Amino acid sequence: MQIHNLFPTAVSTTDLDYTIDNSEFDFINQQEFQDNRHNHRSVDSYLLEKNELSSLRNEINKHVQMYFKEVYQPNDHVSLHITQSWCNKTYPGEMHHKHAHTNSIISGVYYVSANADLDRIWFDKGNVDSLQIEPVNFNSYNATSWYFPVHSGQLVLFPSSLLHYVNVVEKDVRVSLSFNTFVKGSIGSEFLLSELNL
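A brief structural summary. Bear in mind the structure is a predicted one, so any value in this text is a computation, not a measurement. (Residues numbered from 1 in each chain as written. Predicted model: local features only at pLDDT ≥ 70, side-chain atom pairs only at ≥ 80, totals over all residues. Heavy atoms only, no water.)

## Some details on the pairing of strand 6 (residues 106-113)
Piece 1. For strand 6, a buried count of seven out of eight residues is recorded, marking the element as mostly surrounded by other parts of the structure.
Piece 2. Where strand 6 meets strand 9 (residues 154-159), five bridges bridge the pair, whose relative direction is antiparallel. Bridge pairing in strand 9 links Tyr110 to Leu155.
Piece 3. Direction of pairing for strand 6 relative to strand 11 (residues 174-187): antiparallel, over a ladder of five bridges. Each residue of the ladder has a partner; that of Val109, found in strand 11, is Ser178. (Buried < 20%, exposed > 50% of the residue type's maximum accessible area, 1.4 Å probe, protein only. Helix = DSSP H or I, 4+ residues; strand = E, 2+ residues; numbered from the N terminus. Pairing = 2+ DSSP bridges.)

Written as structure tokens, this is what we have:
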């Protein structure tokens, strides 16, 4: 029997070949934060546009473009750019609610400070199966949620429509920088009456 992975969801995890310096770390931590349901997020939602984070933005953008080209295989008439970007602080006892990102193509999280032994990002299938058959072993076919361990300096990229969340943080403050992206250029087809110029 041959089982094929049809219509898979592409989630990328990579350790950046880049270490934020003390000035970047201080800039992120000194942001003004506001309540965000069950954790805190920066008031400024365009952090990667700041000069203080230009080197980090360039490094993140390099990986975003690699993901876009590998997964979407776009033609030369469309490009991807980072739109909003903000910082999350999740203190022990806090969590991040299940959500997806609207008005975005690819979303990402860069971990400024994360506990490699405890911190995870969870993804949720999002739709309900008509039958619930309890598996002996979970795999990518039968699981309704899946997690990846995360650590400082790691970048995770995924489709913005994919539901994701963070369980309750057990210890240490988890600091991450999240961002959205959108396309520029011409998408769709003039012939198929789906052309959209952005």
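## Let's talk about the sheet that holds strand 10 (residues 163-166)
Piece 1. Spatially, 5-10-7-8 is the arrangement adopted by the four strands of the open sheet, whose pairing is antiparallel. The open sheet has two edge strands, strand 5 (96-99) and strand 8 (145-149), and neither has a second partner. Strand-to-strand twist across the sheet, computed as the mean angle between neighbouring axes with direction ignored, equals 20 degrees.
Piece 2. Of the pairings in the sheet, the one linking strand 5 to strand 10 comprises two bridges and is antiparallel in character. Counted as the bridge partner of His99 is His164 from strand 10. (Axes fitted to C-alpha atoms, helices over the stretch in contact; angles between N-to-C directions.)

## Focus: the layout of surface pockets
Piece 1. Roughly 670 Å³ of volume is contained in the largest pocket.
Piece 2. Lining the largest pocket are 20 residues, and of these Pro8, Thr9, Ser140, Tyr141 and Ala143 lie nearest its centre.
Piece 3. Elements with a minimum of two residues in the lining of the largest pocket: strand 7 (120-124) and strand 8.
Piece 4. At three residues, the largest contribution of residues to the lining of the largest pocket is made by strand 8.
Piece 5. Broken down by class, the residue content of the lining of the largest pocket amounts to ten nonpolar, eight polar and two charged. (1 Å grid on protein atoms, 1.4 Å probe; cavity = no way out; pocket = protein on both sides within 12 Å on 5 of 7 lines; lining within 4 Å. Points joined across faces, edges and corners; volume = space filled by probe spheres on them. Nonpolar A, V, L, I, M, F, W, Y, C, P; charged D, E, K, R; others polar.)

## Looking at the packing of aromatic side chains
Piece 1. By the definition in use, this model includes five aromatic pairs.
Piece 2. Between the aromatic rings of Phe68 and Tyr72, the centroid separation amounts to 5.4 Å while the plane-to-plane angle is 40 degrees, which identifies the pairing as tilted. Placement of both Phe68 and Tyr72 in helix 2 (residues 54-72) is noted, with a separation of four residues, approximately one turn of the helix.
Piece 3. Judged by its relative accessible area of 39%, Tyr72 is partly exposed.
Piece 4. A network of ring pairs unites the aromatic residues Trp122, Tyr147 and Tyr165 as a single cluster. (Phe/Tyr/Trp six-rings, centres within 6.5 Å; stacked < 30°, edge-to-face > 60°.)

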